[in-house]
Amino acid sequence: MQSSGSALRRFFNRRNTSYIVGVLILIIGGRILFPVPLPTIQLPAEKIPGLTILGFPVTNTLIATLLADLTLLAIALAVRLRLQLIPTGFQNLVEWFLETFYNLAEEIAGERVKQFFPLFMTILLFLLVANWWELIPGVDSIGIIEHPHEEGIQSYEIAEVGPLAILTPQVSDHGYILVPFVRAAATDLNLPLALALIVTVYVQFTGFRTLGLRYLRKFFNFSTPIMAFVGVLELVSEFARIISFTFRLFGNIFAGQVLLAVISFLVPFLIALPFYGLELFVGFMQAFVFAILALVFLTMATTAHDEHSEHAH
Amino acid sequence: MEFLPSGLAIGLGAVGPGIGIGLVALGALQAIGRNPEAAGEIRTNMILGIVFAESVAIYALVMALILRFV
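Rules behind the numbers
- Every chain is numbered independently, its residues counted from 1 as its sequence is written.
- Labels are handed out in written order, letters beginning with A for the chains and numbers beginning with 1 for the ligands.
- Selection of residues for local features in this predicted model requires a pLDDT of at least 70, selection of side-chain atom pairs for listing and counting requires 80 or more, and totals for whole chains, interfaces and linings are taken over all residues.
- With hydrogens and water stripped out, all remaining heavy atoms of the structure feed into the side-chain values.
- Strand pairing is defined by DSSP finding a minimum of two bridges between the two strands.
- Here a strand is any run of E in DSSP of at least two residues, a helix any run of H or I of at least four, and the numbering for each starts at the N terminus.
- Whether two residues are in contact is decided by their heavy atoms, any of which lying within 4.5 Å being enough.
- Two parts placed together each lose some accessible area under a 1.4 Å probe, and adding up what both lose gives the buried area.
- Basic side-chain nitrogens of Lys or Arg form a salt bridge, by our definition, when they fall within 4 Å of a carboxyl oxygen of Asp or Glu.
- Asp, Glu, Lys and Arg are counted as charged, while Ala, Val, Leu, Ile, Met, Phe, Trp, Tyr, Cys and Pro are counted as nonpolar; the rest, among them Gly, fall into the polar class.
- Axis lines are fitted through C-alpha atoms, for helices just across the contact stretch, and the angle between N-to-C directions can take any value from 0 to 180 degrees.
- Relative orientations are named as follows: roughly parallel for angles under 35 degrees, roughly antiparallel for angles over 145 degrees, roughly perpendicular for angles from 65 to 115 degrees, and oblique for any other angle.
- Each crossing gets its handedness from the near helix: less than a right angle anticlockwise from the far helix is left-handed, clockwise is right-handed.
- Detection works on a 1 Å grid of protein atoms alone, calling trapped sets that fit a 1.4 Å probe cavities and calling open sets with protein on both sides within 12 Å along at least five of seven lines pockets, with lining residues defined by an atom within 4 Å of a point.
- Grid points are joined across faces, edges and corners, and a volume is the space filled by probe spheres set on the points.
- Burial status follows relative accessibility: with a 1.4 Å probe on protein chains alone, a residue under 20% of its type maximum counts as buried, one over 50% as exposed, and anything between as partly exposed.
- The set of buried Ala, Val, Leu, Ile, Met, Phe, Trp, Tyr and Cys residues whose side-chain atoms join them within 4.5 Å is what this entry labels a nonpolar core.
- Stacked, tilted and edge-to-face are the three classes applied to pairs of Phe, Tyr and Trp rings, where Trp contributes its six-membered ring and a pair requires centres within 6.5 Å; stacked means planes under 30 degrees apart, edge-to-face means over 60, and tilted covers the rest.
- When the NZ atom of lysine or the CZ atom of arginine is within 6 Å of a ring's centre and also within 35 degrees of its normal, the charge is said to sit over that ring.

Enquirer: Which residues make up the pairing of strand β2 (residues 56-59) of chain A, and what are the values?
Expert: Residue and element names in this part refer to chain A. Relative to β2, strand β1 (residues 47-53) runs antiparallel, the two being bridged by three bridges. Looking at β2, one finds that T52 is bridged to P57. In this antiparallel pair of consecutive strands, β1 and β2, the connection spans two residues, and L54 shows a positive phi of 55°.

What follows is the structure in structure tokens.
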């Protein structure tokens, strides 16, 4: 009791106490002095006004996708152009990253790892970079200010700051909303759906190529009534996979975006930081889960039904 | 009352995954307690299991967001 009391007293010395009070003042003062408007949360990606490619409107999630692609290209070129036999620095990091996941994929896919690794790693790297782009300051918060196109969307007064304008927290009937230039790529339902379709089609294609018509035996097996029923379940689960792939990724990243927006609306300073850490983790985890699941499905599709017991882990 | 459906969607949808995540963590902790050397591998698989349980809650969240904003 006494020791814990003195430990407490030692912790609350003058310096630590002043830090704590300063942080609290920053948080509470920030809430009062710099109130933040709640960003417009909408499911479909916003179109950038007046920007089209071949007649198709450009959405802000498309820009985020291209940015993620460019980032990956830049990393690949930075490593490729200065390739060394004995890796140092950045090359070392990239090689370690690839090797870790290559070994992991080998554990799951066995001898087919060379065939499946490119798709696995492409999905992993692309989603990782695309998800982490969400956390860069300016994404979701820099954009074009315009009147909302639909009824029922909360809009705000603006304040001019030099040539730029910012939204103020004052709600008004004929106000403005922010259309960000960049919005996390996976918050557009089309990106997870496209990836899920690519994976599903490739899984079926690989299944047929490896097993030939034997692949169909998984779905249409009338040897016993039970196997016939299991075949129907397998067939349904192939389609259910597309939905679960899509919504797992979309839901997690979209929820992350909403979470960060709402937290910085509630408390502008410091409190949002741990949530950025959480989103770093979620972004990696979702990329990893998507890629691992694709790999597992590929491995399952290339394993003949009667070989299951040998290959079971 | 307008927001009741979306509130119910995420509220009820979070019950199952909550229990599930608890069970996953329970199993993993017991396994680590029995066999501390395997902690690293168990932790990786535990996180994978948690992510799968959590994605059910995320489906509920998507439904709640659709009900609220669309």
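Enquirer: Describe the interface of chain A and chain B, and please don't skip the residues or the numbers.
Expert: Contact with chain A, which involves 16 residues of that partner, is made by 14 residues of chain B. Carbon and sulfur atoms supply 84% of the area that chain A and chain B bury against each other, a total of about 1,300 Å² over both sides. Between chain A and chain B we count zero salt bridges in total. Breaking the side of chain A that touches chain B down by element, the ones donating at least two residues are α7 (225-266) and α8 (272-301) of chain A. By residue number, the principal contributor to the side of chain A that touches chain B is α7 of chain A, which donates eight residues. Counted by class, the side of chain A that touches chain B contains 11 nonpolar, four polar and one charged residues.

Enquirer: Quick one: what's the story with the packing of helix α4 (residues 89-109) of chain A against helix α5 (residues 113-133) of chain A, residue by residue and with numbers?
Expert: Residues and elements named next belong to chain A. The contact between α4 and α5 brings their axes to 10 Å, and the two run at 130°. Taken as axis vectors, α4 and α5 run oblique relative to one another. Considering only the axes of α4 and α5, their crossing is right-handed. Touching F97, L98, F101, Y102, A105, E106 and A109 of α4 are V113, K114, F116, F117, F120, M121, L124, L125 and L128, all from α5. Residue classes in the contact of α4 with α5 are distributed as 14 nonpolar, no polar and two charged.

Enquirer: Which residues make up the layout of surface pockets, and what values go with them?
Expert: All names here are of chain A. Estimated volume of the largest pocket: approximately 1,200 Å³. Considering the residues around the largest pocket, the lining is formed by 40 residues, among which V36, P39, D140, S141 and L178 are closest to the centre. For the lining of the largest pocket, the elements supplying multiple residues, two or more each, are β3 (143-146), β5 (164-172), β6 (177-180), α7 and α8. No other element matches the seven residues that α7 contributes to the lining of the largest pocket. Split by residue class, the lining of the largest pocket holds 29 nonpolar, seven polar and four charged.

Enquirer: Quick rundown of the pattern of salt bridges? Include the residues and the values.
Expert: All names here are of chain A. Scanning the entire structure with this criterion turns up two salt bridges over all chains. For K218, the salt bridge identified is with E238, shortest N-O distance 3.8 Å. Taken as a pair, K218 in the loop between α6 (190-211) and α7 and E238 in helix α7 lie far apart in primary sequence, 20 residues in all. Take E238: its relative accessible area is 6%, and that puts it in the buried class. Residues joined by salt bridges that share partners form a network here, namely K218, E238 and R241.

Enquirer: Account for the nonpolar core, naming residues and giving values.
Expert: Within the largest apolar cluster, 52 residues are counted, with the highest numbers of intra-cluster contacts made by F120, I123, L127 and F290 of chain A. For this core, the secondary-structure elements that each account for two or more residues are α3 (60-80), α4, α5, α6, α7 and α8 of chain A together with α3 (39-69) of chain B. Among the elements that line this core, the one with the most residues is α5 of chain A, at 14 residues.

Enquirer: Quick one: what's the story with the packing of aromatic side chains, residue by residue and with numbers?
Expert: In this description, an aromatic ring pair is defined by two values, namely the gap between the centres and the angle between the planes. All names here are of chain A. Per the counting criterion, the structure on display carries 13 aromatic pairs over all chains. Summarising the aromatic geometry, the rings of F250 and F254 are spaced 5.4 Å apart at their centres and angled 20° between planes, so their arrangement reads as stacked. With F250 and F254 both in helix α7 and four residues apart, this pair spans about one turn of that helix. Take F250: its relative accessible area is 5%, and that puts it in the buried class. Ring centres of F284 and F288 lie 5.8 Å apart, and the angle between their planes is 10°; on these two criteria the pair is classed as stacked. Pair noted here: F284 and F288 are both in helix α8, with a separation of four residues, about one helical turn. Owing to a relative accessible area of 24%, F284 belongs among the partly exposed residues under this scheme. Members of the aromatic cluster, joined through ring pairs, are F97, F101, F284 and F288. Over the ring of F297 we find R241, and its NZ or CZ is 3.7 Å from the ring centre.

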